[in-house]
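Coordinates in review
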Amino acid sequence: MSTATAQALADLAAASELLAAATAALRDPELSAGHAACFGLLLESLGAGHSRAQIEAAHALRRTGAHKLDQPSLHAVAQAAADPTMDNLAAAEGQTTAGRTAFRSARSFMQDWLDIPRNTAHDRLIQADCLIGGVDESGHPTEPWLEDLAQDFADSAFDPRLIAATALKLHSTRKDLPEGAGGAEQKQQLQSDARKLIHSEPKSARKHIANMVAQVKAGKRPLKALLDEVGLFRRGTRRGLIEYILRVLPSQAAAIEAHFASTGNPATQAGDRQGLQEAEAEFTGDPGEGWDDEATKPDWAREDGTDPPGSGAEPDTEANADADAEPDTEADAAGTAAEPAPAWEDLKPERRRLIGLMALLLKDHGANNGADSNRAGLATAQVSIILDYEKMLSGAPRYAASSSGLGFSPGELRAAMCNAGIYPVILNGRSLPLDLGRTQRLFTKAQGRAIRAAYRGCAYPGCAMPVERCELDHLDAWEKGGCTDIHSASLCCPVHHVERHCGLFHAVKIPGCRPMVLLPPDLDPEQQLRINTYFMTPEEALAAEDLAQRMTAQWRAGRLDVEIVEP
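Below or above, wherever it landed, is the structure these notes cover. Since the structure is predicted, the reported quantities are computational estimates derived from the model, not experimental observations. (Residues numbered from 1 in each chain as written. Predicted model: local features only at pLDDT ≥ 70, side-chain atom pairs only at ≥ 80, totals over all residues. Heavy atoms only, no water.)

**Description of the sheet that holds strand β12 (residues 516–518)**
We apply this condition: Should DSSP find at least two bridges between two strands, the strands are regarded as paired. Helix and strand definitions here come from DSSP, where helices need a minimum of 4 consecutive H or I residues and strands a minimum of 2 consecutive E residues; each element is numbered from the N-terminal end.
Across the sheet, which stays open at both edges, the 4 strands sit in the order β13-β12-β11-β14 with antiparallel pairing between neighbours. Only two strands of the sheet have a single partner each, and these edge strands are β13 (529–530) and β14 (563–564). Relative to β14, strand β11 (residues 506–509) runs antiparallel, the two being bridged by 2 bridges. Across the sheet, lysine 509 pairs through a bridge with glutamate 563, a residue of β14.

**What about the pattern of salt bridges?**
Side chains carrying opposite charge are able to pair once their charged atoms draw close together. Our working definition: Whenever a carboxyl oxygen of Asp or Glu lies within 4 Å of a side-chain nitrogen of Lys or Arg, that contact is scored as a salt bridge. Burial classes: relative accessible area under 20% of the type maximum marks a residue as buried, over 50% as exposed, and values in between as partly exposed (1.4 Å probe, protein chains only).
The full count for this structure, using the stated rule, is 11 salt bridges. Residue arginine 195 is joined to aspartate 152 by a salt bridge in which the shortest nitrogen-to-oxygen separation is 2.8 Å. Taken together, the residues arginine 195 in helix α9 (residues 180–200) and aspartate 152 in helix α7 (residues 147–154) connect sequence positions 43 residues apart. The residues arginine 195 and aspartate 152 share a single accessibility class, namely buried. Within this structure, Glu44, Asp159 and Arg161 form a network of salt bridges that share partners.

**Thoughts on the pairing of strand β4 (residues 241–247)**
Alignment of strand β3 (residues 231–238) against β4, held across 7 bridges, turns out to be antiparallel. Across the sheet, the residue bridging to leucine 232 is leucine 246, located in β4. In sequence, β3 turns back onto β4 through a hairpin of 2 residues, with arginine 239 there showing a positive phi of about 55°.

**With respect to the side chain of serine 73**
What counts here: Between two residues, a contact is recorded if the distance between any of their heavy atoms is within 4.5 Å.
Position of serine 73 among the secondary structure elements: in helix α3 (residues 71–82). Leaving out residues up to four positions away in the same chain, serine 73 has contacts with Gly94 and Gln95.

**Quick look at the environment of glycine 503**
Mapped onto the fold, glycine 503 is located in the loop between α20 (494–501) and β11. Taking the C-alpha atoms as reference, glycine 503 lies 5.3 Å from proline 567; in sequence the two are 64 residues apart.

**Observations concerning the packing of aromatic side chains**
We count it as follows: Any Phe, Tyr or Trp ring, taking Trp's six-membered ring, that has another such ring centre within 6.5 Å forms a pair; planes under 30 degrees apart are called stacked, those over 60 apart edge-to-face, and the others tilted.
This model, assessed by the stated rule, comprises 4 aromatic pairs. For the pair phenylalanine 103 and phenylalanine 109, a centre-to-centre distance of 5.2 Å together with 90° between the ring planes defines the contact as edge-to-face. Judged by relative accessible area, which is 9%, phenylalanine 103 ranks as buried. Feature note: the residues Phe103, Phe109 and Trp113 constitute an aromatic cluster, connected by ring pairs.

**Side note on α7**
Those residues of α7 that fall on the buried side of the exposure criterion are Asp148, Leu149, Ala150, Asp152 and Phe153. Structurally, α7 contributes buried residues whose contacts are with α2 (33–64), α6 (118–131), α8 (160–171) and α9.

**Topic: the pairing of β11**
Summarising the sheet, β11 and β12 pair through 3 bridges and their orientation is antiparallel. Directly across from histidine 506, in β12, lies its bridge partner leucine 518. Here β11 hands over to β12 after 6 residues, with glycine 512 in that stretch at a positive phi of 70°.

**Let's talk about α3**
Inclusion rule: Take the residue count of a helix, subtract one, and multiply by 1.5 Å to get its expected span. Comment: arc refers to directions from the helix axis out to C-beta atoms.
Helix length check: α3, at 12 residues, gives a terminal C-alpha distance of 17 Å against a target of 16 Å (1.5 Å per residue), a fit within 8%. Taken as a whole, α3 has its buried residues at Ser73, Leu74, Ala76 and Ala80. Buried residues along α3 cover an arc of 160° about the axis, so they all sit on one side. Facing away from the buried surface of α3 by more than 90 degrees, the exposed residues are Gln71, His75 and Ala82.

**What about a nonpolar patch on the surface?**
The condition is simple: Patch building starts from residues that exceed 30% relative accessible area and form no salt bridge, then joins like charges within 9 Å and nonpolar side chains (Val, Leu, Ile, Met, Phe, Trp, Tyr) within 5 Å. Per-residue accessibility takes into account occlusion by the displayed protein chains alone, with areas from the Shrake-Rupley method and a 1.4 Å probe.
A cluster of nonpolar side chains, Leu232, Ile242, Tyr244, Leu246 and Val248, forms an exposed patch at the surface whose accessible area comes to about 480 Å². In terms of residues, the nonpolar patch owes the most to one element, β4, which gives 3 residues. Structurally, the position occupied by leucine 246 is in strand β4.

**Notes on the packing of α6 against α8**
The condition that has to hold: All axes are obtained by fitting lines to C-alpha atoms, using only the stretch in contact for helices, and the reported angles, taken between N-to-C directions, cover 0 to 180 degrees. Under this scheme an angle from 65 to 115 degrees is roughly perpendicular, one under 35 degrees roughly parallel, and one over 145 degrees roughly antiparallel; angles in between are oblique.
Taken N-terminus to C-terminus, the directions of α6 and α8 make an angle of 90°; their axes are 9 Å apart at the nearest point. As far as their axial angle goes, α8 and α6 are roughly perpendicular. For the pair α6 and α8, contact is made by Asp123, Ile126, Gln127, Cys130 and Leu131 and by Ile163, Ala164, Ala165, Ala167, Leu168 and His171, respectively.

**Description of the nonpolar core**
The condition is simple: Nonpolar core, defined: a set of buried Ala, Val, Leu, Ile, Met, Phe, Trp, Tyr and Cys residues in which side-chain atoms within 4.5 Å join the residues together.
Ranked by size, the top nonpolar core spans 38 residues in total, and within it Leu131, Leu170, Ile209 and Ile510 carry the most contacts. Of all elements in the fold, only α6, α7, α8, α9, α10 (202–218), β12 and α21 (538–556) reach the threshold of two or more residues within this core. With near-sequence residues (within four places) excluded, leucine 131 lies in contact with Pro144, Leu149, Ala150, Phe153, Ile163, Ala164 and Ala167. Of all hydrophobic cores here, the second largest spans 17 residues; its members include Tyr460, Val467, Cys493 and Phe505.

This is how it looks when you write it as structure tokens:
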């Protein structure tokens, strides 16, 4: 037996005990915020290492034939794990048998003896095939299926969890790839694109890689084949609920996503949180956040601000004595702004979408439906379709996408543009027709639509806030002489808008190019210029990442005059 492997197992057992002891100590209620942050950071690092080790262990189990261990060996292994002394670990080396075994394969051993769920065991073995290598029928090792990703997996600088998830996604296309050199080339292209996304913007990589895989599986299917599978299917009753499956074309999905975005925006009538809960109560009979009578209302809900009847509260004589005094305007304004908002944001997105759908189905389409059109949840879906001007002229097979990142075929595009509520936006880089200079402080609706179509969502890398809930941001401060122009505008969600003005990250203006983002060194030690690609198609995301890398290289070489915008 190798003393080194026994010592490694002893170290692994000691690490488990150290982790348990450290976790117990860090439950201290007096734990400082800095130590809590350090706790989280170190634990995530351990989690990444643990994920890599699990795949390595699955590979080792299959490579060594651990499922063929005889019963005495299995007993010795269990005893060594419970009491990992060097003597027990030496006895746990074990013997395999050529006769009948208790487990048919490494996967059944992992499932039945290690109590790993079947799907998890299956996935780990696939990840081992892709990232470490496999074993052929004669027991000889094979090369990893994804050789380039395997190099990243072995590099401790990368998060193995994202690489392992990517390997599973790409492996799922194995049966969809053509035979021969064509399939090998397509696999290599998929792997190369996936690595670019992982290296440049890990937060959005999962979404784009999933879309890439979906495109491969869809292939060049004719419209008739797609239409044969669309529809709303009733799945049946499960756990007291009726389940449906909805399959639609991308052009139809764009309208649905736009409807969801409206109901998700609390600033609109359709997304009003209180109205949505009242609308849901019409379907469920649950009063939600309503109150039975005046006595049950909280202070902020009473129009007159008085105590409920019968509460027995004494009047505030000091406040009454000052009632005739002049109001403190500044204090009143601050008090109004500081009033807590009702906690209606906890209404889950899935429920908001259902309420909006039900409002559409139950809408009164008669002549007197004016009041009904202002109902909560009843959204008007407006879809922006972005056309890539150069691709359109060159006859590319796909040159259009919705603002939510859904790609359209030319046929779907022609059909969609015939419908009301569709806003075709052709982007060719020229912004002068929509620039206002200093003639107007606020952006116009036309400017807002153009900016939202161009940037799709929040500027912060990885932020998933949809464009409808983002705010237009002057990169040239108006109070310092800035202009209301397209090239000096950006989009930020309410959270990241405040963070930018607090200096937690910086917007970067680049001549002739869209604004980019520079994260602080603690989040991005490499100090790369970045673009949020979350709402782009995979092809657009790869092009945007290439653009960001080129701009970064030119900036560092002193060939690009950029402006890091002040908060």
